[in-house]
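Observations on the model geometry
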Amino acid sequence: MTTSAETVIAPPRAQAAAAGAATVGRKQGFQHGGWFVAPFLALFALFVIWPLLRGIYLSFTDANISGDSAGFIGFDNYREALHDPLMWDSLGHSAFFTLLVVPCITVLAFLLAMLAHHIERGTWLWRLCFFLPFLLPSTVAGNLWQWLFNPGTGMVNHVFGIDTPWLTDKSYAMLAVVITTLWWTVGFSFLLYLAALQGIPGHLYEAAKLDGANAWHRMVHITLPMLRNITGLVIALQILASLQVFDQAVVMQDFGPGPEESTRTFVQFTLEQGFTSYRVGYASAISIIFFVIIAAVALARMWLLRNREEGAR
Amino acid sequence: MTTDAALIRIKTRTRKAWTPSQIVLTLLGVAVSAVFLAPLAWALFTSLKSETEAVEVPPHWLPKEWTGQAWKALFQTGNITDWFVNSLVVSVCVTAIVLTVSALAGYGFARTEFRGKNVLMGVVMAGLMVSPAVLGVPLFTTVQQMGMVDTYWGMILPQCAPAAMVYILYKFFQGIPKELEEAAFIDGAGRWRVFFTIVVPLARPSLAAVGIFTFIASWNNFLWPYMVTNNPDLMTMPNGIATVMNSYGIQWAQLMAGGLMAGLPLIVVFVFFQRQIVSGVAHTGLAGQ
């Protein structure tokens, strides 16, 4: 591992030293860059690049948790994963969660930000109230809502006078996780929207008012277009975060897979394969598949952004 | 509202006036806030009930008999003080290391030249997509090989290479006018001296944002400490509460008290640093554009 870190760091370091000795004059101040990035790159190489490379290697082996008996088995892990109904189910659960959470959070965060932006008193108070849940650890949010959704002793059913088996019925279990997540994380996107709203120049609205635009027109023709970039960012961040959902889902189901295994997410499936079944090789193959999915989403976003910029030109 | 003078007058007056629309909006704000705070109030009231009262059916908001028994038991029986100290040690170390290495790297990438810079920058950006959730198992086996399972270092170091923070600071450093530095170079100051005496003070708001967000993320991090620690004495707050307290059969009043304890430090931090956090969200969020 040490060697891998050094090979990554060595080129800039050697280059910077050589260049620093050779150059004189104004440019000199801009040399030695290697030393600035070296500490970060060392950590980055050890805990990001190396695990990634190691994961790729392990995914072609039948390694167990102690790393022994790492026989090379080619694409067998990948072939098995693609035919593993459990993998597809857990991927489906994460995707379903993402599909529900992302639109809800985006709309909710926007509405909350509009509300907080337009109330003239106590701005800090609304900010505090809407952001507060985000400051709780995910496990605390999970435990709290597990308690709220508890049939009988929980407040949710009591307040609404219903009798829904939130945590024990497969049609509600993931919905309960979604509601928990909305309450817990909407504050972050809310603050992004609030900041963006405050950044819209006031003279745009004044000009529109002069032209006789009503509140609805101002919203559709000024506010929404001005918020397009932040909306793109909120959606992208939420997709990436939601695909990686784990904490709330397992906490709310006492670290089990949920009723009829309906809340087992992709991360949970990977960890089960690695740490419960001790199949590190197989878990690594699933991790690499997951990495490819995340990378595809991120690249798709970059591609969309570039196309839009070109379209605007 | 058609002239500047009118605008100013209206602005100063509306601070005091309760127009009908403001009354409606404020009432709406109060209602929404009540919904947001109700779960927290429920947790607080539950923690002040006895364990038997906490599980009564049907549930009720206020304790019939107020008792601090759950809070007392929390400190007497649990490892809660250990977990608190562990969380503090881990979060402070992570924040300090992240601030140092990402400020240096952000500056290095933004303002210095070295061979392979663009390629390395691309690799770092690709690292944005790797997290313990995505590559947890290979990361665990790596840390295991280093013999860092169930150690502070094992919890701390893997959280210390956040490409996102480097990117945020990189964007910020790119915006600093080069002339500021060049003047200092001409006066004979070295690269490091310029960095510490000119660049770092200028970057204080960005560094504050990065620091606060790293601290929040690290304090609330569950997944990585969950993977890398089995020893209850080494667990952090979110971990100990979720895994150890649950495993003894759930005592809800105590669990809620523990949860509030775990959330309290960040709530205090937020109340004191609200302005920095809000501008930090704005800044870091917009930097991603």
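For clarity, every value in this text was computed on a predicted model and none was experimentally measured. (Residues numbered from 1 in each chain as written. Chains lettered and ligands numbered in written order. Predicted model: local features only at pLDDT ≥ 70, side-chain atom pairs only at ≥ 80, totals over all residues. Heavy atoms only, no water.)

**Brief notes about the overall build of chain A**
What counts is decided by this rule: Counting from the N terminus, the helices are DSSP H or I runs at least four residues long and the strands are E runs at least two residues long. For every residue, the accessible area obtained with a 1.4 Å probe (protein chains only) is divided by the maximum for its type, and the residue is called buried under 20%, exposed over 50%, and partly exposed between those limits. The contact criterion used is simple: two residues touch if any of their non-hydrogen atoms lie within 4.5 Å. All accessibility values rest on the Shrake-Rupley procedure with a 1.4 Å probe; residue burial counts only the protein chains present in the view.
Along the backbone of chain A there are 14 helices and zero strands. Its helices and strands taken in sequence order, chain A reads α-α-α-α-α-α-α-α-α-α-α-α-α-α from the N to the C terminus. Here chain A holds 313 residues, and 52% of them are scored as buried. Here the contacts in chain A between residues at least 6 apart in sequence split such that 67% fall between residues at least 24 apart. Counting every atom, chain A has about 13,700 Å² of accessible surface; 66% of that belongs to carbon and sulfur.

**Here we look at the overall build of chain B**
The line we're drawing: Only the C-alpha atoms count toward the radius of gyration. The rule for a globule is 2.2 Å times the residue count to the power 0.38. For the purpose of charge, His is not counted, nor are the chain termini; Lys and Arg are scored as positive and Asp and Glu as negative. To locate a charge, take atom NZ for lysine, CZ for arginine, CG for aspartate or CD for glutamate.
Along its length, chain B carries 16 helices and zero strands. Expected size for 289 residues packed as a compact globule is a radius of gyration near 19 Å; at 25 Å, chain B overshoots this value by more than 25%. Viewed in the frame of its principal axes, chain B has a C-alpha envelope of about 75 × 70 × 30 Å. Counting over 289 residues, chain B shows a buried share of 53%. Sequence-distant contacts, at least 24 apart, represent 69% of the contacts inside chain B between residues at least 6 apart. Element-wise, carbon and sulfur atoms account for 67% of the exposed surface of chain B, whose accessible area totals about 13,000 Å². Of the charged side chains in chain B, 17 are positive and 13 negative; the average position of the first set lies 14 Å away from that of the second.

**Here we look at the packing of aromatic side chains**
We count it as follows: In this analysis, rings of Phe, Tyr and Trp, with Trp reduced to its six-membered ring, are considered paired at centre separations within 6.5 Å, and the interplanar angle assigns stacked below 30 degrees, edge-to-face beyond 60, and tilted for intermediate values. Here, a charge over a ring means that NZ of Lys or CZ of Arg falls within 6 Å of the ring centre while also lying within 35 degrees of the ring normal.
Under the criterion given, the structure shown has 39 aromatic pairs over all chains. Ring plane angle 45° and centroid distance 5.4 Å describe the contact between A:Trp145 and A:Phe149, whose orientation is recorded as tilted. You can see A:Trp145 and its partner A:Phe149 sitting in helix 6 (residues 138–149), four residues apart, about one turn around the helix. With centroids separated by 6.1 Å and ring planes inclined at 25°, the aromatic side chains of B:Phe215 and B:Trp219 adopt a geometry described as stacked. Of this pair, B:Phe215 and B:Trp219 are both found in helix 12 (residues 204–220), four residues apart, which corresponds to roughly one turn of the helix. According to the relative accessible area criterion, B:Phe215 is buried, its value standing at 18%. Among the aromatic side chains, those forming a connected cluster through ring pairs are A:Phe36, B:Tyr107, B:Phe172, B:Phe173, B:Trp192, B:Phe195 and B:Phe196. If you follow A:Arg279 out to its NZ or CZ, it ends over the ring of A:Tyr282, 4.3 Å from the centre.

**Topic: the side chain of B:Thr243**
We count it as follows: For the purposes of these results, a polar contact is taken to be a pair of N or O atoms within 3.5 Å, where, inside protein, one atom must be able to donate a hydrogen and its partner to accept one; residues adjacent in sequence count only when each atom of the pair is a side-chain atom.
Summarising the element assignment, B:Thr243 is placed in helix 14 (residues 237–247). Relative accessible area serves as the criterion here: at 17%, B:Thr243 is assigned to the buried category. Of the polar contacts made by the side chain of B:Thr243, one reaches the backbone oxygen of B:Asn239; its length is 2.6 Å. Here B:Thr243 is in contact with A:Phe255, B:Phe222, B:Tyr226 and B:Met235, once residues within four sequence places are set aside.

**Brief notes about the interface of chain A and chain B**
To keep it simple, the criterion reads: Here the buried area means the combined drop in accessible surface, using a 1.4 Å probe, for two parts upon being joined, counting both sides. Put simply, a salt bridge is a Lys or Arg side-chain nitrogen that is within 4 Å of an Asp or Glu carboxyl oxygen. Under the scheme applied, nonpolar residues are Ala, Val, Leu, Ile, Met, Phe, Trp, Tyr, Cys and Pro; charged residues are Asp, Glu, Lys and Arg; polar residues are all the others, including Gly.
Chain A puts 100 residues into the contact, and the matching count from chain B is 111 residues. Of the roughly 9,200 Å² buried between chain A and chain B, counting both surfaces, carbon and sulfur atoms make up 76%. There are zero salt bridges connecting chain A and chain B. Our enumeration of links across chain A and chain B arrives at ten residue pairs in polar contact (both at pLDDT 80 or more). Ranked by residues supplied to the side of chain A that touches chain B, first place goes to helix 2 (residues 33–58) of chain A with 20 residues. Classifying every residue of the side of chain A that touches chain B by side-chain character gives 67 nonpolar, 22 polar and eleven charged.

**A few points about the state of the cysteines**
Residues and elements named next belong to chain B. Test applied: In what follows, a disulfide is any cysteine sulfur pair within 2.5 Å.
Scanning the model with the defined rule gives zero disulfides over all chains in all. Free cysteine Cys160: the closest other cysteine sulfur is in Cys93, separated by 8.2 Å. Judged by relative accessible area, which is 0%, Cys160 ranks as buried.

**Section: the pattern of salt bridges**
Residues and elements named next belong to chain B. A full pass over the atoms with the stated rule returns nine salt bridges over all chains. Glu181 is paired through a salt bridge with Arg111; the nearest N and O atoms lie 2.2 Å apart. Taken together, the residues Glu181 in helix 10 (residues 178–186) and Arg111 in helix 5 (residues 80–111) connect sequence positions 70 residues apart. Assessed through its relative accessible area of 0%, Glu181 is described here as buried.

**A word on the packing of helix 4 (residues 85–118) of chain A against helix 2 (residues 20–47) of chain B**
The condition is simple: Here an angle of 0 to 180 degrees is reported between the N-to-C directions of two axes, which are lines fitted to C-alpha atoms, with helices fitted over the stretch in contact. In these notes the angle categories are as follows: under 35 degrees is roughly parallel, over 145 is roughly antiparallel, 65 to 115 is roughly perpendicular, and the rest is oblique. The sense of a crossing depends on the near helix, which, turned anticlockwise from the far helix by less than a right angle, makes the crossing left-handed and, turned clockwise, makes it right-handed.
For the pair helix 4 of chain A and helix 2 of chain B, interaxial distance at closest approach is 10 Å and the crossing angle is 130°. Here helix 4 of chain A lies oblique to helix 2 of chain B, going by the angle between them. Helix 4 of chain A and helix 2 of chain B meet at a crossing whose hand is left-handed. Every residue of helix 2 of chain B that contacts helix 4 of chain A at A:Leu112, A:Leu115 and A:His118 is listed here: B:Gln22, B:Leu25, B:Leu28, B:Gly29, B:Val32 and B:Phe36. Its residues assigned to classes, the contact of helix 4 of chain A with helix 2 of chain B shows six nonpolar, three polar and no charged.

**Some details on helix 4 of chain A**
What counts, and what does not: Take the number of residues in a helix, subtract one, and multiply by 1.5 Å to get its expected span.
An ideal rise of 1.5 Å per residue puts 50 Å on 34 residues; helix 4 of chain A measures up with 49 Å between its terminal C-alpha atoms. Put simply, A:Asp84 is the residue that caps the front of helix 4 of chain A, since its side-chain oxygen is 2.9 Å from the backbone nitrogen of A:Leu86.

**Some details on the nonpolar core**
To be explicit about the condition: Only buried residues count toward a nonpolar core. Its members are Ala, Val, Leu, Ile, Met, Phe, Trp, Tyr and Cys residues joined through side-chain atoms within 4.5 Å.
Counting 177 residues, the largest nonpolar core has A:Phe40, A:Phe130, A:Leu144, A:Trp183, A:Phe190 and B:Phe109 as the members making the most contacts within it. With 15 residues, the single largest contributor to this core is helix 8 (residues 170–198) of chain A. Every residue in contact with A:Phe40, bar those within four places of it in the chain, is listed here: B:Val101, B:Ala105, B:Val124, B:Ala161, B:Pro162, B:Ala163 and B:Val166.

**Examining unusual backbone geometry**
Leave glycine aside and you will find that most residues have negative phi; peptide bonds, for their part, are mostly trans. Geometrically, the link from B:Val57 to B:Pro58 is a cis peptide bond, its omega value of -5° lying close to zero. Structurally, the position occupied by B:Pro58 is in the loop between helix 3 (51–54) and helix 4 (69–77). In this structure, A:Glu261 takes a positive phi of about 60° despite not being glycine. As for its position among the elements, A:Glu261 is in the loop between helix 12 (247–252) and helix 13 (266–276).

**What about the environment of B:Gly106?**
Residues and elements named next belong to chain B. Relative to the helices and strands, Gly106 resides in helix 5. Among the residues examined, Gly106 registers a relative accessible area of 0% and is labelled buried. In contact with Gly106, not counting residues within four places along its chain, are Val166, Leu169, Tyr170 and Phe173.

**Concerning a nonpolar patch on the surface**
Worth spelling out the cut-off: Exposure above 30% relative accessible area and the lack of any salt bridge qualify a residue for a patch; like charges then connect within 9 Å, and the nonpolar side chains Val, Leu, Ile, Met, Phe, Trp and Tyr within 5 Å.
Together, A:Val159, A:Phe160, A:Ile162, B:Trp61, B:Leu62 and B:Trp66 make up a nonpolar patch on the protein surface, roughly 640 Å² of accessible area in all. Along the chain, A:Val159 falls in helix 7 (residues 155–160). Judged by its relative accessible area of 49%, A:Val159 falls in the partly exposed class.

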